[in-house]
Amino acid sequence: MSQNKTFIDFHEALLRLSHRSDFINDNRSRKLAALSELAGQLLQVERVSFWKMNPEDNRIDSEVLFRLGQGHDYHPIVLTAGDNPDYFRALRTARVIDAGNARDDYRTRDFNEKYFKPLGIHSLLDAPIFDGGRLSGVICLEAETPRTWTLPEISFATAIADTVSLINTHEAWIRSQKQLDYVTHYDSLTGLPNLQSCRERIHTLIQKMSRRQDEGFTLLWIDLDRLKAINDGMGAAGGNRVIAEIANRLRNLYLEGRDKLARIGGDEFAMLIRHQGNADLKLDHLVQQIQHAVSDPIVIDDRTLRMTASIGVCQYPRDGLDTEALLRSGEAAMYHAKESGRARMQTFHSDLHSTARSRFALESELRQAISQHTLDVFYQPIIEAGSQAMVATEALVRWNHPQHGWMSPIEFLDVARNAGLMQELGESVLRRVCLDHQEAARRGHDLPTTAINLAAEQIMDDRLPRVVAGMLDEYGINGHQLQFEVTEDAIKGDSKSMQGTLNELVALGCNLSIDDFGTGYSSLSRLKHLPFSRLKIDRSFIRDIPDDADDCAITLSILGLARGLGMQVVGEGVETEEQRQWLTVQGCNLLQGYLFSKPVPIEALLEYSDRRLHSAL
Ligand code: C2E
Ligand code: CA
Ligand code: CA
């Protein structure tokens, strides 16, 4: 096997493991067990162990040992710096210790009598684990025969050490956050999550679901009626007991798709229900169950109370695309329910907000905008990390709607998709980009390569290469001035004709990128057969870098994989200096995001590129 192929296989395996949700959610010890097993199996090494440095930095303790063919062993072993000074010195200074013949190697021969000989070890590959600047442990690969460690093996051991370092950082952070987290996220009366956690949960669900179009969720805003009267009559303590009792009942309700329940205000609760597509059908039943739970008699100090609730209902994505919009819709619906006589349920509809948009009107307006070529395209620079030069741009469609103003594609692509307008829309964007290139050239500007997003509908249409070739010709543009981005999702079908279409685009001189990488689950072996030269790491992985260990680990392994496949990588959605630095250090050589520039109209792009040019001179 070639070294390159081996390298790719190793990193693919690490990528696959670190992508697995059970791995991500496992505790540290099980993560180490899984990593040691992976290394043992893959490199066919008899012993793989993890060791942890003590706080005084003079001793390492074994955490787990994986023995090939025998499984895991947690028997503690201790090695001290006093007994093994050369080894500890090497660990602190070297990136890896690759002692093919460990019994003769000056760094490791201290171990001969007490360790290597009794265990039959001949060869050793150790990669230190650093947390920040501190040496915090080591991964140890021990073979029972002398062996020369290859470059892919050494790089793999380092990648695993890096992964553990990220796990450590994350653990420490979690410990310090737990205490704080309880105070800021829970309500002490009911023990329920509070408004802040509800917000965060909605945000997370939206992040997840914005990538999958068949899923949605319902937000029920439950407001108890007349709690003030109870507080007035029985004192605040009585009111609190009512709230705690109802919280308990709601908590114990079994409802299909039930997600988080939170206390979001004095007498207000929010409940989230996940579902496939539109969930209106089951809504009545759901609300009935909640009303029952609320209205069962409550006995407090010999008094029997019957409560009711006004419930506002809204759905993602129909009634709001972000957390705040959804909460506003839920609240608006709840107020409406209250006004129409309490103990009611009200589903959100657009009349409740004056700003709400009608989908049907939108569809016919969009059809018109496409046919009259009034859709706009904004450009976002893609920057080379080292030189900070703009090396490409991405074309992003925009719609300046007569009433709603500038609309982002997330607001109208769904409408276009449902109306079967994606091909026309795509063609309209392509034409606009070509026109802008032609016009820029005429005015003496040299626009960098522009990446255009292709919808699944477009790459499934085998006429696409002809359409592109026609436009290149019509506007006098060279194929390499255009690139195309295709999402992982769009290429998941295994069609020969799609492969042919992609190859023809490449033959026209256009490079291809895989967009939003990491969100789908592309078969990596397939990637190798498709003509992609670039891979864009999805914004959702970049967002929490460098704080989120899982995201860092995934990004690292994507970078490793891309390197192995000889692909360039673009980090998307870079917003902070920390993200820029981390990505640059990890070798992500192309960056895109608000840190450099938001998507801008062509005029502003030309200015931007002139400014960049001048500052570079
Ligand atoms: P995408 O291809 O992943 O494009 C990047 C999106 O991330 C753009 O949103 C861009 O404005 C946004 N973005 C870039 N940098 C940052 C950042 O630092 N922070 C944040 N928060 N966001 C950033 P936009 O323009 O709203 O486009 C959304 C999606 O719509 C695109 O995601 C793409 O999938 C699709 N799209 C846009 N234009 C077209 C088009 O012409 N054709 C097709 N088929 N799809 C398009
Ligand atoms: Ca894109
Ligand atoms: Ca993207």
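Residues numbered from 1 in each chain as written. Chains lettered and ligands numbered in written order. Predicted model: local features only at pLDDT ≥ 70, side-chain atom pairs only at ≥ 80, totals over all residues. Heavy atoms only, no water.

1. Considering the overall build of the protein
Now for step 1: Counting secondary structure elements, the protein contains 21 helices and 23 strands.
Now for step 2: With 617 residues in all, the protein has 50% of them scored as buried.
Now for step 3: Across the protein, the fraction of contacts at a sequence separation of at least 24, relative to all contacts at a separation of at least 6, is 64%.
Now for step 4: Carbon and sulfur atoms provide 49% of the accessible area of the protein, an area that totals close to 29,000 Å².
Now for step 5: The average position of the 68 basic charges and that of the 86 acidic charges among the side chains of the protein differ by 3 Å. (Helix = DSSP H or I, 4+ residues; strand = E, 2+ residues; numbered from the N terminus. Buried < 20%, exposed > 50% of the residue type's maximum accessible area, 1.4 Å probe, protein only. Contact = heavy atoms within 4.5 Å. Areas by Shrake-Rupley, 256 points an atom, 1.4 Å probe, with all protein chains shown as cover. Lys, Arg positive; Asp, Glu negative; His and termini not counted. Charge placed at Lys NZ, Arg CZ, Asp CG, Glu CD.)

2. Section: the coordination of the calcium ion (ligand 3)
For a metal bound by four donors in a tetrahedral arrangement, the ideal donor-metal-donor angle is 109.5 degrees, while six donors in an octahedral arrangement ideally sit at 90 or 180 degrees.
Now for step 1: Looking at the calcium ion (ligand 3), the protein donor atoms are Asp-515 (OD), Asp-516 (OD), Glu-572 (OE) and Glu-572 (OE), and they sit 2.1 to 2.5 Å from it.
Now for step 2: Between consecutive donors of the calcium ion (ligand 3), the numbers of intervening residues give the motif D-D-x55-E.
Now for step 3: Between the two metals, the calcium ion (ligand 3) and the calcium ion (ligand 2), the spacing is 3.9 Å, and Asp-515 donates to both. Residue Asp-515 is located in strand β20 (residues 511-517), and its partner Glu-572 is located in the loop between β22 (568-571) and α20 (577-585); the two are separated by 57 residues in the primary sequence. Per residue, the accessibility class of Asp-515 equals that of Glu-572, and both read buried. (Donors = N, O, S within 2.8 Å, 3.2 Å for Na, K, Ca; no water.)

3. A few points about the site of ligand 1
Now for step 1: The immediate surroundings of ligand 1 are formed by 24 residues, with Gln-380, Arg-398, Asp-515, Glu-575 and Tyr-594 found nearest.
Now for step 2: Between Arg-539 and ligand 1, the recorded distance is 3.1 Å, taken from a side-chain N or O atom to a nitrogen atom.
Now for step 3: Tyr-594 has a polar backbone atom sitting 2.7 Å from an oxygen atom of ligand 1.
Now for step 4: When isolated, ligand 1 has an accessible area of 790 Å², and the protein chains bury 86% of it. (Near = heavy atom within 4 Å. Polar contact = N/O pair within 3.5 Å; in protein donor to acceptor, adjacent residues only side chain to side chain.)

4. Observations concerning the coordination of the calcium ion (ligand 2)
Now for step 1: Protein coordination at the calcium ion (ligand 2) comes from Glu-394 (OE), Asn-453 (OD1), Glu-485 (OE) and Asp-515 (OD), with a distance range of 2.1 to 2.3 Å.
Now for step 2: In the primary structure, the donors to the calcium ion (ligand 2) are separated according to the pattern E-x58-N-x31-E-x29-D.

5. Quick notes on the side chain of Asn-54
Now for step 1: With respect to the helices and strands, the residue Asn-54 is situated in the loop between β1 (47-53) and β2 (59-67).
Now for step 2: We classify Asn-54 as buried; its relative accessible area is 8%.
Now for step 3: For Asn-54, the contacting residues outside a window of four places in its chain are Arg-59 and Arg-134.

6. Things to note about the pairing of strand β15 (residues 376-384)
The side chains of a regular strand alternate, first on one face of the sheet and then on the other.
Now for step 1: Counting buried residues in β15 gives seven out of nine residues, a clear majority hidden from the surface.
Now for step 2: Pairing of β15 with strand β16 (residues 390-401), which is carried by eight bridges, proceeds in the antiparallel orientation. Bridge pairing links Gln-380 to Glu-394 in β16.
Now for step 3: Following β15, the chain reverses through five residues before pairing antiparallel with β16; Gln-388 in that reversal takes a positive phi of roughly 60 degrees.
Now for step 4: Bridge analysis of β15 against strand β23 (residues 590-591) gives two bridges, and the strand direction is antiparallel. Within β23, the position partnered with Ile-383 by the bridge is Leu-591. (Pairing = 2+ DSSP bridges.)

7. A look at the packing of aromatic side chains
Now for step 1: Inspection of the entire model under this criterion finds nine aromatic pairs.
Now for step 2: Ring geometry for Phe-111 against Tyr-115: centres 6.0 Å apart, planes inclined by 55 degrees, an arrangement best described as tilted. This pair shows no difference in class: Phe-111 is buried, exactly as Tyr-115 is.
Now for step 3: Of the aromatic side chains, those joined through ring pairs into one cluster are Tyr-87, Phe-88, Phe-111, Tyr-115 and Phe-116.
Now for step 4: For the cation-ring pair, Lys-598 lies above Tyr-594, with the distance from its terminal atom to the ring centre recorded as 4.7 Å. (Phe/Tyr/Trp six-rings, centres within 6.5 Å; stacked < 30°, edge-to-face > 60°. Lys NZ or Arg CZ within 6 Å of the ring centre and 35° of its normal.)

8. Comments concerning the sheet that holds strand β9 (residues 258-265)
Now for step 1: One open sheet accounts for five strands, arranged β9-β10-β8-β13-β14; its pairing is mixed. Whereas interior strands pair on both sides, the edge strands pair on one side only; in this sheet they are β9 and β14 (345-347). Neighbour-to-neighbour, the strand axes of this sheet turn through a mean angle of 20 degrees, independent of strand direction.
Now for step 2: Across nine bridges, the pairing between strand β8 (residues 215-224) and strand β10 (residues 268-276) is antiparallel. (Axes fitted to C-alpha atoms, helices over the stretch in contact; angles between N-to-C directions.)

9. So, the confidence of the model for the protein
Low pLDDT marks regions whose predicted coordinates should not be analysed in detail.
Now for step 1: Taken over all residues, the pLDDT of the protein has a mean of 88, while the share at 70 or more is 93%.
Now for step 2: Contacts from residues 354-360, a stretch scored under 50 in pLDDT, to residues over four places away or in other chains number seven contacts. (pLDDT = per-residue confidence, 0-100.)

10. Remarks on the nonpolar core
Now for step 1: Ranked by internal contacts, the top residues of the largest apolar core, which has 82 residues, are Leu-366, Ile-459, Leu-482, Phe-484, Ile-491 and Phe-532.
Now for step 2: Residue contributions to this core peak at nine residues, all from helix α19 (residues 549-565).
Now for step 3: Each of domain 1 (3-183) and domain 3 (361-616) accounts for three or more of the residues forming this core.
Now for step 4: Dropping the residues within four chain positions of it, Phe-484 is found in contact with Leu-430, Ile-452, Leu-454, Val-468, Leu-505, Cys-510, Asn-511, Leu-512 and Ser-513. (Core = buried A, V, L, I, M, F, W, Y, C linked by side-chain atoms within 4.5 Å. Domains from an automatic or database assignment.)

11. Some points on the pattern of salt bridges
Now for step 1: Taken as a whole, this structure holds 35 salt bridges when the rule is applied.
Now for step 2: Put simply, Arg-107 and Asp-98 hold a salt bridge, and the shortest N to O gap is 4.0 Å.
Now for step 3: The class for Arg-107 is buried, based on a relative accessible area of 13%.
Now for step 4: Residues joined by salt bridges that share partners form a network here, namely Arg-201, Glu-215, Asp-259 and Arg-274. (Salt bridge = Lys/Arg side-chain N within 4 Å of Asp/Glu carboxyl O.)

12. Considering the pairing of β2
Now for step 1: Relative to β2, β1 runs antiparallel, the two sharing seven bridges. By the bridge assignment for β2, Phe-50 is matched with Val-64.
Now for step 2: Here β1 hands over to β2 after five residues, with Asp-57 in that stretch at a positive phi of 65 degrees.
Now for step 3: The pairing of β2 with strand β4 (residues 78-80) spans three bridges and is classified as antiparallel. Directly across from Ile-60, in β4, lies its bridge partner Leu-79.
Now for step 4: Two strands pair when backbone bridges link them, and β2 and strand β3 (residues 71-73) are joined in this way by three bridges, in the antiparallel orientation. By the bridge assignment, Arg-67 is partnered in β3 with Gly-71.
Now for step 5: From the end of β2 to the start of β3, which pair antiparallel, there are three residues, and Gly-69 there has a positive phi angle of about 85 degrees.

13. Some remarks on empty space enclosed by the protein
Now for step 1: The full count for this structure, using the stated rule, is three cavities of 30 Å³ or more.
Now for step 2: Estimates place the volume of the largest cavity at around 60 Å³.
Now for step 3: Taken together, Ser-18, Phe-23, Ile-24, Lys-31, Thr-163, Leu-166, Ile-167, Ala-549, Asp-550, Ala-553 and Ile-554 form the lining of the largest cavity.
Now for step 4: Where the lining of the largest cavity is concerned, the elements lending two or more residues are α2 (21-25), α6 (151-185) and α19.
Now for step 5: Tallied by class, the residues present in the lining of the largest cavity amount to seven nonpolar, two polar and two charged.
Now for step 6: Shared between two domains, the lining of the largest cavity holds at least three residues of each, these being domain 1 (3-183) and domain 3 (361-616).
Now for step 7: A volume near 50 Å³ is recorded for the second largest cavity.
Now for step 8: Trp-51, Ile-60, Leu-79, Tyr-87, Phe-111, Tyr-115, Phe-116, Leu-124, Asp-126, Val-138, Cys-140 and Glu-142 are the residues that line the second largest cavity.
Now for step 9: The element that contributes the greatest number of residues to the lining of the second largest cavity is strand β7 (residues 134-143), accounting for three residues.
Now for step 10: Partitioned by chemical class, the residues of the lining of the second largest cavity number ten nonpolar, no polar and two charged. (1 Å grid on protein atoms, 1.4 Å probe; cavity = no way out; pocket = protein on both sides within 12 Å on 5 of 7 lines; lining within 4 Å. Points joined across faces, edges and corners; volume = space filled by probe spheres on them. Nonpolar A, V, L, I, M, F, W, Y, C, P; charged D, E, K, R; others polar.)

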